[in-house]
Amino acid sequence: GRVVMWEPYQHNPLNAIRFKQHAQRFRAEQIVCFYHKEGEAYLDYRADLGVKPVFRESNRVSVKSRKKASWMWKIESLRVFNAGGHVVVSENISYRIKHIVTNLYLVDRGGSLEMTSDYLAAGTLFNFRPFAKDAKEDFVHNLGLVYVRTSDGASLMQVPRVEDHESKHGKEEMTKLNPDMPGMEPFKEFFVGLNHAEILSERDALMIMPVLPGSIASVIQIRRAMLVLKDFSELLESVAIVPTTDEFHGLASPPGTPRPAPGPIPERLGEEAQTVLRYTANCHDAVLTTLTLLVMNSTFDEDSNPLSRDGVPNRLMQKLLRELEAIQVVIKLLQLPFSRGIDLEWMVSGDERFSQLVELFTLCYRLLKQIVKEDDRNATELHKHVAVIRAHQGQGLGATVTLKEMYLGKRKLLSLIQPDLVELFTSLLHEQRDPRYIDFLMSCCTCGVEPMPQIQKMICDGLFSKSPELLPFIKVEESKAAAAETRLLITLPGMVDKHGKNVVIDAAMYNDRHQVRGRDMASHILTADVSEIDATQKTFRYFIRCSNLFGKVSLGRNQTALKFLLQNPNLDFRYEQLLAVLKEKSLPSLTRSRFTTLMIRLYVDRDPQSSKPQVLYTRTWSKVIAEESDLERTVAAGSALPVCTTGFVDLCEHVLEALVDVAGARDKQGKKNLNGSPTFGQLELAAAEVQLCDLLVDFGFYTNQRDAEIGSVDFSQVKQLLSAVFSMVDTRGTIPSKSTRREAMMLVALRSEALKLLIRMLNLRANHRITVMLSAWEEIFEDLTSDATKASRIAAAKATLGKEEDSKMSFSMTFGGSTGDMDGFILANYHKVLADKFAPYRDIFDETLKKCYSQQIVSSEELRADTYTPGQFKGDPIVEAMTNLMGFEDSTL
C-alpha cells in the first residue's frame, strides 16, 4: 500500500490560535464531508449501492453534529514531500478522494462517477475550482464552497431525485440508469452526475465540512477492527468451495424440508477443511481480541466477561457498527466454513480441532446480539439474515440469545413471526430443556408492556396444548404449624438421578444467603453464562424462565393461557399457594418476584377488576340517586376458573408489609431503603411488588368510598403505602455515584416506577380535595338559592350600595340579567358583590381550606406531605427528596 504522511500542524491547537488564517485552510490527508447545500445532502457511499456514490439528504449541518461514517472522505496528495500541505485551488494540481470506510477511491469512468480499489486507475485524479469568481486565495478553506472537478474538467453535480426521475422516464429507464444500486433509498438520495459545461451552476457547489477529531478516532478504531474481520473472511473465502449433498451449506432448510444427516467426523479432514482450520489457527488471536473488544464496547457494564456482559447499549457504537456494515461482515463469516468442507454438526461435536472456530462463532453471535439490542434499524437489517441464525439454533453457538434480542420489543419484526418458528423451538426443547429456548418464547409473546395475542396463541397451541410435558411440575407445600416454612418443590419431567428417581429441587436451597460475585445465588444462576452452572442449577434456571413465560403469555387477560395455568394439576397456582410463596422469606427473592407477577396475571388483573380514574372530574350531586350502570359486572357463580374469594384483603395486607420491608434491602445503618447495595433479586422483587401495589391502588382496593362524603373515606392504608414507597425514592444523605452495573440500571427503573405509584397516591389526595370543596359548595349553593337568603342579601346590598341601585341589585342577586347597563354595573362592582355574597360563609371557606391543606390526608405525620403554608417549603421531605434525585442525572427519574 501507499505511504501515508500525517502533518502534525493540524493537531496543534497553539498554532491554530496564533495563525488563524492558516488554520482555516483545508489540508491534504484531512478527513472531511462534502455537503451539497442546494440539495441539503452529503456525498455518500455504501457497499449496497454497488459501485456508484450518491448524495444523501440530511439536516446535520452543524459542525458539532455527528456525521455518518459513510460520509467521510480523505483528500490524498499525489506527492510524498509535504503530503499534508494546504489543498490548492488549481486545475494543474490534482488529488485523489478516498472513502474512509471502504478504502475505495472516486473514479471517473467514461462520464460516470464510480468507486474503485485501484488508486492508480485512470480517472482517479480530481482538482478544485473556487466558487467565488473573485477569490483572493488559491486555497480550499474549511466550510468553504468549491467545485470538485475530474481531470477531464467535468464537475460533480446533482441529478434529479430517484422518484422524480422515475415519474419522468418510467421504471424501465430507471432500471437502466440504476442497475447496480439496489440499496438506494428513493426518498432520501440523489444520483451523482458529471457536468462537462464550462459555465457551472451555483447549485452544484460543494461545502467542505470538517469532521471532529473525536468522531474520526471512533470511526478509525472500529474500521480497523472491521478490517481484521474482513481479512479473516477473505482468507476463508479464498478456500475452494467443496461440493456437498447438503445444499444449504449451514443455512436453514425451508419448513418441512429435512436436512441430511451428517456423516461421522473423519480422522483426516479434507484439504479445504484443513485449510480453513489452519487459517483459523493463524488468525485466532487477532480475531478473538477484535471480537472481544467490539463486544465489550457495545454496552456499558462492569462485567468483564464478554459472554455474560449485558448492560445498557452503547448507541454510538451501534450506529458506527451499522454504518461500517458489521452485520454483513459477521454474517458472511458465519457461513463461509460450511461451504469449505466443514459440517456444522462436526464443529459443535466437541472435537478439539474445531474449538477455536466455535469460540470465534460464539463471540460473533454475542456481537450481533449487542448490535441489535434495543435498536430497531439494526434488528431490521439483521432480520434479512434470519435463515442463517435459525440454522444454528441448538448448536451451542449462542444463536438463540441473538435471535431473542433481534425480536425483543420490535413490534414490526414480531408481527412477522410464523408458527413454524414456535414449532422449531418446541422441537429443540424436546431435544434439550435449555432455558434459553424458553427465554426466546417469553420475549416474543409481548412487546414492551403490551401483549402480542397472535404469538401468545401460537405458544399456547404449540407448547401448552401439544407439549405440556416440557414444562416443570410445581408443588407448594404449606405447613399449618406456626413456625413452619412453605416449601416450593420443582420437578422437571425426564430429569432423574442415578437411581432412576425424579430429581426434586427445593427452591430454598438457592436463597439470598448464598452470594456469588456480589449477586444472590438465584440471580447468579439466572444471569451467568450457561457453561458456569451445573445441571441442577440449569433446571432451576429453566423453572425461573418458565415462570416468566407463564406471566408473559397470560398478559392481557389471555383466557386460553389462564385456563391452562389455573386448571393444570401439575402447576400449583391456587391463590392460597401463591400468597404463601409471596410471604415465605426463606425462598429466593427472585422466585418470589416471579410468583408476584403470577399473582398479578392470574388473579389481580382479571375480570371484573377495572381501572378507576385517579381524579374524578365529573361528579354526581350528592342528593341525586345514581342509576345502576349497565357496565357493572359480577363474577358468575360457579366460574370455570379459580378466583380469589377473600376480596384480596389478605393480599393487600401482605403488600403493605412487603413494601415497608423494601424486599429486605438495607443501607449501611441497617435502615429499610434502597440506598445501600440491593441485590439483583431484591430489586426484581421490589419492582414486582410495586407493580402489584400499583394495580391494587388503580383498582381501588386500598380506598373504600374514595369519592364519598367527608368522613366516609378511609386512607389509613394509603398512608402506610405512601411512606413505604417514599422510602424507595428517598435518597437524602446519599452521595450520587455513577455505575454501569446492571443492578444500578435496575435501581433507576425501580425508582421510576415507584415515583409513578407515588404520583398515583398523590392524585388520590387531589381527588379527595375536590370532594371536600364540592361538599362545601353544595352547602353554600343550596343556601344561596333559597328565597329567604335572596331577600336578606338584597336588603343588605341596598344598605351598602344605595336605594337607587335597588332594581339592578335585585337582578344580580337572583342570578338573572341581560346585556347593556346591567353587565356594566356587575363588572364595576364585581369584587364588592362577591365579598358581600359570600361573607356569611366565611367559616365554611376556612374549614374547607383547613381540611385540604392543614391536615394529613394520604401522608403520615412523619412526612407531613399534605400540609402547605405559602413560602414555607424548606424542610419539606418530599421537596428535598425530589430535588436530591436530580443529582443522579437520570432523565427517566
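Look up: the structure comes first, before these words.
Thresholds applied
Residues numbered from 1 in each chain as written. Predicted model: local features only at pLDDT ≥ 70, side-chain atom pairs only at ≥ 80, totals over all residues. Heavy atoms only, no water. Buried < 20%, exposed > 50% of the residue type's maximum accessible area, 1.4 Å probe, protein only. Helix = DSSP H or I, 4+ residues; strand = E, 2+ residues; numbered from the N terminus. Arc of directions from axis to C-beta. Contact = heavy atoms within 4.5 Å. Pairing = 2+ DSSP bridges. Axes fitted to C-alpha atoms, helices over the stretch in contact; angles between N-to-C directions. Patch = residues over 30% accessible without salt bridge, like charges linked within 9 Å, V, L, I, M, F, W, Y side chains within 5 Å. Areas by Shrake-Rupley, 256 points an atom, 1.4 Å probe, with all protein chains shown as cover. Salt bridge = Lys/Arg side-chain N within 4 Å of Asp/Glu carboxyl O. Core = buried A, V, L, I, M, F, W, Y, C linked by side-chain atoms within 4.5 Å. Parallel < 35°, antiparallel > 145°, perpendicular 65-115°, else oblique. Nonpolar A, V, L, I, M, F, W, Y, C, P; charged D, E, K, R; others polar. Phe/Tyr/Trp six-rings, centres within 6.5 Å; stacked < 30°, edge-to-face > 60°.

Undergrad: Please provide a residue-by-residue account of helix H31 (residues 877–885), values included.
TA: Given 3.6 residues per helical turn, the α-helix brings residues three or four places apart onto the same face. Within the span of H31, buried status applies to Pro877, Ile878, Ala881 and Leu885. For H31, the angular spread of buried residues about the axis comes to 100°, placing them on one side. Those residues of H31 that are buried lie in contact with helix H24 (716–729) and helix H25 (742–784).

Undergrad: How would you summarise the pairing of strand S2 (residues 41–44) if you had to cite specific residues and measurements?
TA: Strand direction decides the pairing type here: strand S1 (residues 31–36) and S2, joined by two bridges, are antiparallel. Residue pairing across strands places His36 opposite Ala41, the latter belonging to S2. If you look at the hairpin formed by S1 and S2, you'll find four residues sitting between the two strands, and Glu40 has a positive phi there, around 50°. Where S2 lies against strand S3 (residues 54–57), four bridges are found, and the strand directions are antiparallel.

Undergrad: An account of the side chain of Lys98 is requested, with residue identities and associated values reported.
TA: Examined against the element boundaries, Lys98 turns out to sit in strand S5 (residues 95–99). For Lys98, a relative accessible area of 13% translates into the label buried. Among all residues touching Lys98, those that are not within four sequence positions of it are Met72, Trp73, Lys74, Glu76, Asn103, Leu104 and Tyr105.

Undergrad: How would you summarise the sheet that holds strand S19 (residues 502–506) if you had to cite specific residues and measurements?
TA: Pairing in this open sheet of three strands is antiparallel, and the strands run S17-S18-S19 from one edge to the other. Two strands close off the open sheet at either side, each with one partner strand: strand S17 (473–477) and S19. Across this sheet, the average inter-strand angle for adjacent strands is 25°, counted without regard to direction. One ladder, built from four bridges, connects strand S18 (residues 487–496) with S19; its direction is antiparallel. Paired with Ile490 across the two strands is Ile505, which belongs to S19. Across the face of the sheet, helix H18 (residues 535–553) comes into contact with S17, S18 and S19 while running at roughly 110° to S18.

Undergrad: Kindly report on a nonpolar patch on the surface, identifying the contributing residues and their values.
TA: A surface patch of nonpolar side chains, about 350 Å² in accessible area, is lined by Trp621, Leu774, Trp777 and Phe781. Take Phe781: it is sitting in helix H25.

Undergrad: Run through the nonpolar core, naming residues and quoting values.
TA: Core analysis: the largest hydrophobic core is formed by 191 residues, its most contacted members being Tyr407, Leu463, Leu549, Phe550, Phe573, Leu651 and Tyr702. Judged by nonpolar contacts, the second largest core, of 33 residues, contains Phe34, Ala41, Leu43 and Tyr45.

Undergrad: So what's going on with the packing of helix H19 (residues 559–567) against helix H21 (residues 589–604)? Residues and values would help.
TA: Following both chains from N to C, one finds H19 and H21 inclined at 110°, their axes separated by 10 Å at the closest point. Between H19 and H21, the crossing angle belongs to the class labelled roughly perpendicular. Touching Leu562, Leu565 and Leu566 of H19 are Arg601, Leu602 and Tyr603, all from H21. In terms of residue class, the contact of H19 with H21 is built from five nonpolar, no polar and one charged.

Undergrad: Any details on the environment of Leu762? Residues and values, ideally.
TA: Its location among the elements puts Leu762 in helix H25. Judged by its relative accessible area of 23%, Leu762 is partly exposed. Beyond its immediate sequence surroundings of up to four residues, Leu762 is in contact with Leu722 and Val858.

Undergrad: Help me get a handle on the environment of Val697, residues and values and all.
TA: With respect to the element layout, Val697 can be found in helix H23 (residues 680–698). Sequence spacing of Val697 and Cys652 is 45 residues, and the spatial spacing of their C-alpha atoms is 9.6 Å. What Val697 contacts, discounting residues up to four positions off in sequence, is Tyr702, Leu721, Leu757, Arg760 and Leu764.

Undergrad: How would you sum up the packing of aromatic side chains? Please name residues and give values.
TA: Tallied over the entire structure, the rule returns 21 aromatic pairs. Taking 5.9 Å as the distance between ring centres and 70° as the angle between the ring planes, the aromatic pair formed by Phe550 and Phe573 counts as edge-to-face. Here Phe550 is found in helix H18, whereas its partner Phe573 is found in the loop between H19 and helix H20 (575–583), with 23 residues between them in sequence. Here Phe550 and Phe573 have matching classes, each one buried. Aromatic ring contacts, followed pair by pair, group Phe464, Tyr510, Phe540, Phe543, Phe550, Phe564, Phe573 and Phe595 into a single cluster.

Undergrad: Can you tell me about the side chain of Arg149, naming the residues and giving the values?
TA: Here Arg149 is to be found in strand S9 (residues 145–150). Leave out the neighbours within four places in its chain, and Arg149 touches Glu91, Leu125, Phe126, Asn127, Arg129, Ala154, Ser155 and Leu200.

Undergrad: Quick rundown of the pattern of salt bridges? Include the residues and the values.
TA: This model, assessed by the stated rule, comprises 43 salt bridges. Residues Arg322 and Asp375 are paired through a salt bridge, measuring 3.8 Å at the closest nitrogen-oxygen approach. Pair noted here: Arg322 is in helix H6 (residues 315–323) and Asp375 is in the loop between helix H9 (355–372) and helix H10 (376–383), with a separation of 53 residues, a long-range link. Of the two residues examined, Arg322 and Asp375, each falls in the buried class. The partner of Arg732 in a salt bridge is Glu880, and the shortest N-O contact between them spans 3.4 Å. Remark: Glu880 occurs in helix H31 and Arg732 occurs in the loop between H24 and H25; sequence separation between them is 148 residues. Judged by its relative accessible area of 34%, Arg732 falls in the partly exposed class. Linked through salt bridges whose partners overlap, the residues forming this network are Glu29, Lys74, Glu76 and Lys98.

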